[in-house]
Amino acid sequence: MTMIGQILFINAYLVGRAAGLHAVLVEGGRIAQIAEGEGRVIQLSDGAEVVDCRLSATSSLWISPGMVDWHTHQMLNAVASHRLHLDQATSAQQALDMVALALDDPRYSPERELNFVAVNMRNGSWTDEERMCRESLDALSPDRPLYLVYNGYHSICCNTLGLERVGLRVEDHPDGMLFEQLAFKVGGELSNVGDEVLDQWIFDEAKYAASLGVVEVVDLEMSHNLAHWQRRCAKGFNTLRVHIGFYDEHLDDAISLGLRSGDPIPDCHGYILAGPYKIVTDGSLGSQTAFCHDVYPGTTNHGVCVYSPPALADMIARGVRHDFRMAIHAIGDRANHLVLETLAAGSVPRLRQGSTIEHAQLLDLNDLKLFADLGLVASIQPCHLVDDRELCHKFWPGREGRAYAFKSIVDAGIPIRLGSDAPVAPLHPWEAIAVAISRAGENDHSPFCAEQIIDVETAFKASTCNAKSHIGQGERADICLLTANPLQCDATALRAILCKGTLLQGAWTHRDLPGTPL
């Protein structure tokens, strides 16, 4: 990593530390010294930089640990930022109308990208869902491949040409709908944006993340990510620390390189690390494929169980033998139960510390003790409860109190880490914390199951790179400078926080304030 000399921050408040102004010395990529007052005792070398954090006679910036997003899809997020979003469509017909307009919009011209892809359809309030089908998309465009992706990316609606372009037959998919593994496979083939353009989009998104105080992300992109990040680092990527996940089809490659979770990826200058081994065990709520004890209303469908317990046990054991953290996707209550029972059955070695259940959206609360006893972390995405609350009422009626059950999870002694699942929800840690402590979106007037609200300190610690509310002497200098103390903020104030500077291991990745070199 790129190291710089000394930076001395003066007149700063410290989040989670004693009241009063402090000085913080960053040196060699570490927090070398923390002193109360003006820091006159701190010795500086020639060329050191001094940053005065005082904003006015009565206010100063707050130094915080840098922020982390524990669940992202970096390539998918970068591409989605340049596609039509359908999350505001309140009916299938409105979504179709939005697509019709976009087909004539130069921003979505076939010269830029042959396939037309729209994302983030949310069907929770739709009463005309049958209108979203292959025939409707054919009526919009019979001569350009169309793919409309539901929120969560577990299902896609295609027109005839869209099916044919990815080698699928209309007779096998007469309604144009693709689900789960097939949707993932097709989704990974949709973008024909070149590497140069894609990499620039990823650089741009990383800079935006840094402007929010983010220093670290877990990238669970479903394509094999290793060579892509090596290419980006060769171009100078140095904005975030990225933990890349490996799926089953990628694990042999990681093992052959001798990688374990936490190891630096070769030729990435310390910015890219081997992350977890990711296993997807069920589907999603919106696609009615999350695996549940109860059927979805009006159907005999319990959702999709991807692996039998013996197959799942074998996969987990393989990951553990090769020293990988596990990241196990489980959304429905039955999926979560099966994962926990499989881990407890005795055929799986003890998981590496920090292994996660990803999402844990619907839980049997009787499973929480086992969840805690197994030492698992709940990797949760608070903004999903805002996006999916109507879907939850529609597809999990009577079970809402144990959906996104953050307080029950915390009260059971289960550690939590917050994320976004970007682009399913925006990569924005302050919004995630705000939702966790309010159970509501910015414009919502009532919380979703208010009894599951968690306190701001718990949510904040779950969002920082060191899992603490404060910085510590000797730690890596992964820090951000904030206009307010998050621990004293309600949801509205959290959304108003500005990040004026971000350092990744002592190097600036975002800066919106003057510095004064000595």
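This is a predicted model, so every value here is computed, not measured.

A. Quick peek at the environment of valine 24. For valine 24, the position within the fold is in strand β2 (residues 22-27). Along the primary structure valine 24 and asparagine 225 are separated by 201 residues, whereas in three dimensions their C-alpha atoms are 37 Å apart. In this structure valine 24 touches Ile7, Leu8, Phe9, Leu14, Ile31, Gln33, Ile34, Ile63 and Ile471, once residues within four positions along its chain are discounted.

B. Molecular detail of the layout of surface pockets. Its volume calculated, the largest pocket comes out at about 930 Å³. Surrounding the largest pocket, 33 residues form its lining, Asp87, Gln88, Arg122, Val386 and Asp387 being those nearest its centre. Secondary-structure elements contributing two or more residues to the lining of the largest pocket are α1 (74-80), α6 (195-211), α12 (383-387), α13 (389-395) and α15 (429-436). Of the volumes computed, that of the second largest pocket is approximately 750 Å³. Along the wall of the second largest pocket there are 40 residues; nearest its centre are Phe184, Gly188, Glu221, Met222 and Ser223. Those elements giving two or more residues to the lining of the second largest pocket turn out to be α1, β8 (116-121), α5 (180-187), α6, α8 (248-256) and β14 (272-280). Here the lining of the second largest pocket takes five residues from α5, the largest share from any one element. Looking at the lining of the second largest pocket residue by residue, the classes come out as 20 nonpolar, eleven polar and nine charged.

C. Expanded view of the packing of aromatic side chains. Within the structure shown, the criterion is met by ten aromatic pairs. Pairing tyrosine 108 with phenylalanine 116 gives two aromatic rings, centres 6.1 Å apart and planes at 80 degrees, and the pair type is edge-to-face. Under the relative-accessibility criterion, tyrosine 108 is labelled buried at 11%. Its relative accessible area of 2% is what places phenylalanine 116 among the buried residues. On the numbers, 6.0 Å between centres and 75 degrees between planes, the contact of phenylalanine 246 with phenylalanine 324 is edge-to-face. Of this pair, phenylalanine 246 sits in strand β13 (residues 241-246) while phenylalanine 324 sits in the loop between α9 (309-321) and β15 (326-330), placing them 78 residues apart in sequence. Three or more aromatic residues joined by ring pairs form one cluster here, namely Phe203, Trp229 and Phe237.

D. Just the sheet that holds strand β10 (residues 155-158), in detail. Read across the sheet, five strands follow the order β7-β8-β9-β10-β11 without closing on themselves; strand pairing throughout is mixed. Edge positions in the sheet fall to β7 (84-85) and β11 (177-179), since each has one partner strand and no second. For β8 and strand β9 (residues 146-150), the ladder comprises four bridges, and the chain directions are parallel. Within β9, the residue paired with phenylalanine 116 across the bridge is leucine 146. Along the sheet, α5 makes contact with β9, β10 and β11, crossing β11 at roughly 105 degrees.

Rules used throughout
Residues numbered from 1 in each chain as written. Predicted model: local features only at pLDDT ≥ 70, side-chain atom pairs only at ≥ 80, totals over all residues. Heavy atoms only, no water. Helix = DSSP H or I, 4+ residues; strand = E, 2+ residues; numbered from the N terminus. Contact = heavy atoms within 4.5 Å. 1 Å grid on protein atoms, 1.4 Å probe; cavity = no way out; pocket = protein on both sides within 12 Å on 5 of 7 lines; lining within 4 Å. Points joined across faces, edges and corners; volume = space filled by probe spheres on them. Nonpolar A, V, L, I, M, F, W, Y, C, P; charged D, E, K, R; others polar. Phe/Tyr/Trp six-rings, centres within 6.5 Å; stacked < 30°, edge-to-face > 60°. Buried < 20%, exposed > 50% of the residue type's maximum accessible area, 1.4 Å probe, protein only. Pairing = 2+ DSSP bridges. Axes fitted to C-alpha atoms, helices over the stretch in contact; angles between N-to-C directions.

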